[in-house]
Amino acid sequence: MVAILIWAPLAGAQPASPPRADHVPLEPDCSCAEASDQPPGSYEIKLTSEQERRAQAVWRRSISIVAHDHCFHADDFRQQQAAGITVRTIKPTVDGVYWQGKKRFTIESEVDGWEERGRRALAILDREVARHGNTIVVRSVADIRRAKQENKQGVIYSFEGARPLAGKLDNVKMFYGLGLRDLQLYWAVPSPLKNRDGSLSDFGQAVLRELNRVGIVADLSHMSDAAFSQALDITTKPIVVSHCGVAAASGKPPRGSDDLSDEFIRRIARNGGAICLHFYEGYIKPRHGQRATLEDLLDHMDHIKKVAGIDSIALGVDYFPEMGWRWIEGAERMTGMPNVVREMVRRGYTDEEIEKVLGGNLMRVYQAVWGR
């Protein structure tokens, strides 16, 4: 999720003592699509009839994976089905943040109950999956293939930030047993994984090694230059950066794993990892008009392909249930995901390249980390 904090209590005065993390609201009260106050755009992708047929065919047959979102209201699962997205990586527990009434609130940094909050988050996901008979929890690459073959939808369990570990290395394996297959080490608040200078603490390094050992994908989003470089030196398995942009494509200075430098793009490619592009306008800056669109997203893809090849590109998205944010026009909602294919067809990407970006590159990462 975008790393911006709004420090405000839910209602009334700040309580005398902060609540435990597991006592703070966790479940969303509306879907991501309902929360958004961004009107659906009129973005149009002009294709020939033959190009449109090709785009639709590639979308229908491809495994499509979203590497990062916070959408787990009942309607979000229906949105996923309507869009035809094969798999979403859902991150229900964000370090220090929760949503109610389409607004963001915070959990103070020094509270207990994070392990219990993580357990409860996964239990809520289990319940929602059970409610939707066509949805499966992805624990293996075979589950993703089965979801596609059986016309079902899959979800990968993850956390944005590692506070649910509660400083205990054994909790990596415990959460693996509860279905966790992806973990983002950093977010925008202090944690036992970080030193004060932002580098990985000894515990953070141990967690990364344990993720490699157990078989959980390490998500290196929101890291500083130093921490990101440190993590790439430590990991023995491919990593993902689940939501980011490319500095050169947006005209911004490089910034750790948020706005990637060309050097880091090449290092991720050598690692065998995946760069999963954000859909938020703050990362995908408008360069072709007043608002960011799918055309701007493709500029980021083009740059990664030029620097390191097609095998490192994937889709991050990062939708969440909050008002006041602008996503790239043409893919403001899950239902706009097929437009990514249309824009790639218009840009001249081959069918094989499109299939890799939609899900093939992440499938390769999952195979290397999960082992099956």
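The text that follows walks through the structure, step by step, so that each part is easy to find.

The rules behind these values
- Residues numbered from 1 in each chain as written.
- Predicted model: local features only at pLDDT ≥ 70, side-chain atom pairs only at ≥ 80, totals over all residues.
- Heavy atoms only, no water.
- Buried < 20%, exposed > 50% of the residue type's maximum accessible area, 1.4 Å probe, protein only.
- Helix = DSSP H or I, 4+ residues; strand = E, 2+ residues; numbered from the N terminus.
- Disulfide = S-S within 2.5 Å.
- Salt bridge = Lys/Arg side-chain N within 4 Å of Asp/Glu carboxyl O.

1. Describing helix α3 (residues 74-83)
Turning to step 1, where the next piece is worked out: What α3 keeps buried is the set Ala74, Asp76, Phe77, Gln80 and Ala83.
Turning to step 2, where the next piece is worked out: Directly beyond the C-terminal end of α3, a positive phi value near 85° is found at Gly84.

2. Considering the state of the cysteines
Turning to step 1, where the next piece is worked out: Going through the model one piece at a time under the given rule, you end up with one disulfide.
Turning to step 2, where the next piece is worked out: In this structure Cys30 is not part of a disulfide, and its nearest cysteine sulfur, from Cys32, lies 7.7 Å away.
Turning to step 3, where the next piece is worked out: For Cys30, a relative accessible area of 2% puts it in the buried group.
Turning to step 4, where the next piece is worked out: For Cys276, which is in no disulfide, the shortest distance to another cysteine sulfur is to Cys244 and amounts to 7.0 Å.
Turning to step 5, where the next piece is worked out: Judged by its relative accessible area of 0%, Cys276 falls in the buried class.

3. Quick look at the pattern of salt bridges
Turning to step 1, where the next piece is worked out: Applying the stated criterion across every chain yields a total of 32 salt bridges.
Turning to step 2, where the next piece is worked out: Between Arg127 and Glu27 there is a salt bridge; the shortest N-O distance is 2.6 Å. Note that Arg127 is positioned in helix α4 (residues 114-131) and Glu27 in the segment before α1 (32-35), a separation of 100 residues in sequence.
Turning to step 3, where the next piece is worked out: Residue Arg127 is classed as partly exposed on the basis of its relative accessible area of 32%.
Turning to step 4, where the next piece is worked out: Here Glu27 falls in the partly exposed class, since its relative accessible area comes to 37%.

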